[in-house]
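What follows is the residue order along each chain.
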Amino acid sequence: MFLVGLTGGIASGKSTVSKILNEEFKVSIVDADLIARKVVLPGRTGWKRVHRLFGDEILNKDQTINRDKLGEIIFSDLNKRKMLNKALHGLILIEILKQILIHFLRGERFVVLDIPLLFEVKIAMNLLSYKLVVFCQSEDEQLRRLMIRNPQLNEQEAKQRIKSQMSTAEKIKLADFCIDNSRDLQNTREQVKIIYNTLNKSKIYIWIRAFLFAGLAFGAFLMKKLFF
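None of these values were measured; they are calculated from a predicted model.

**Quick look at unusual backbone geometry**
Notably, alanine 11 is not glycine yet its phi reads approximately 65 degrees, a positive angle. Residue placement: alanine 11 occurs in the loop between strand S1 (2-8) and helix H1 (14-25). On the basis of relative accessibility, which here comes to 12%, the residue alanine 11 falls in the buried class. Even without a glycine there, the phi angle at glutamine 63 is positive, about 75 degrees. Tracing the backbone shows glutamine 63 in the loop between helix H3 (45-54) and helix H4 (67-74).

**Observations concerning the packing of H3 against helix H5 (residues 78-105)**
A pair of packed helices is captured by two measures, namely the crossing angle of their axes and the spacing between those axes. H5 packs onto H3 with a crossing angle of 165 degrees between their chain directions and a minimal axis gap of 9 Å. In terms of orientation, H3 and H5 fall into the roughly antiparallel class. Here H3 runs over H5; the crossing is right-handed. For the pair H3 and H5, the contacting residues are Thr45, Gly46, Arg49, Val50, Leu53 and Phe54 in the first and Lys80, Met83, Leu84, Ala87, Leu88 and Leu91 in the second. Residue classes in the contact of H3 with H5 are distributed as eight nonpolar, two polar and two charged.

**Overview of the side chain of arginine 161**
Within the secondary structure, arginine 161 sits in helix H8 (residues 155-163). The side chain of arginine 161 sits in the buried core without any salt bridge; aspartate 68 is the nearest counter-charge, 5.7 Å away. Once you skip the residues sitting within four places of it in the chain, arginine 161 turns out to touch Ile10, Asp68, Gly71, Glu72, Phe75, Leu146 and Leu153.

**Brief notes about the pairing of strand S4 (residues 130-135)**
By the criterion of burial, S4 is predominantly enclosed, with six of the six residues buried. Burial along S4 is two-sided: Tyr130, Leu132 and Val134 and Lys131, Val133 and Phe135, pointing in opposite directions, are all buried. Pairing of S1 with S4, which is carried by five bridges, proceeds in the parallel orientation. When the bridges of S4 are listed, glycine 5 appears paired with lysine 131. Pairing of S4 with strand S5 (residues 177-180), which is carried by four bridges, proceeds in the parallel orientation. Within the sheet, the bridge partner assigned to phenylalanine 135 lies in S5 and is aspartate 180.

**What to know about the packing of aromatic side chains**
Following the criterion strictly, the structure yields five aromatic pairs and no others. Judged by centre distance (6.2 Å) and plane angle (50 degrees), the ring pair of phenylalanine 110 and tyrosine 196 falls under tilted. In this pair, phenylalanine 110 sits in strand S3 (residues 110-114) while tyrosine 196 sits in helix H10 (residues 185-201), placing the two residues 86 residues apart along the sequence. Ring geometry for tyrosine 130 and phenylalanine 177: centres 5.6 Å apart, planes at 50 degrees, overall tilted. A residue pair is termed long-range when its members are at least 10 positions apart, and tyrosine 130 in strand S4 and phenylalanine 177 in strand S5 qualify at 47 residues. By relative accessible area, tyrosine 130 is classed as buried at 18%. By relative accessible area, phenylalanine 177 is classed as buried at 17%. What links up through ring pairs into an aromatic cluster is the set Phe2, Phe25, Phe110, Tyr130, Phe177 and Tyr196.

Definitions and cut-offs
Residues numbered from 1 in each chain as written. Predicted model: local features only at pLDDT ≥ 70, side-chain atom pairs only at ≥ 80, totals over all residues. Heavy atoms only, no water. Helix = DSSP H or I, 4+ residues; strand = E, 2+ residues; numbered from the N terminus. Buried < 20%, exposed > 50% of the residue type's maximum accessible area, 1.4 Å probe, protein only. Axes fitted to C-alpha atoms, helices over the stretch in contact; angles between N-to-C directions. Parallel < 35°, antiparallel > 145°, perpendicular 65-115°, else oblique. Left-handed = near helix turned anticlockwise from the far one by under 90°. Contact = heavy atoms within 4.5 Å. Nonpolar A, V, L, I, M, F, W, Y, C, P; charged D, E, K, R; others polar. Lys, Arg positive; Asp, Glu negative; His and termini not counted. Salt bridge = Lys/Arg side-chain N within 4 Å of Asp/Glu carboxyl O. Pairing = 2+ DSSP bridges. Phe/Tyr/Trp six-rings, centres within 6.5 Å; stacked < 30°, edge-to-face > 60°.

Next up, the structure:
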């Protein structure tokens, strides 16, 4: 099994591509954003770390994290954003690795890791065989989509969130595949289909399996020599 990293700018359509891959092509997705929400559920280690850093100010009445309030804080202060990343990324990586192992044991050919800040935080980067970037050519369109998705943001706040991430041009340079999500949904589907077919024909998974099985065989040989 090999891993494909999926990322893109905020409100660029990454979730749309993830949904197409999963629902239309039956590709398994490991969703880092969903995992991030789970690790900060009340009482969990992530919740305790976030609460320790930011206090009661970012809690709802039911003790869940108020993501809007937390977003206001971290997107206006780079140091606080780094503090949050440092507190949570180890926990998120552990959960990602658990899910990867489950998919590997199922014998899947490849799995997509949907990671919004893939290049910024470099989480699981050394595990990836390919990197896929979704982008929107027009910054004005990206801004418009973000403000529709997050109506509580004013234009300045929305621009601030876009600028907090690596630029689209830089991400494209680091990508193996790119999807331009500027047009209609059908156009995006066609681009996803082409990339899916390329990934599905890749033989990298054979070499990875062979390497892992060779490692297991060597480990078993050493165990036998040492203990039997």
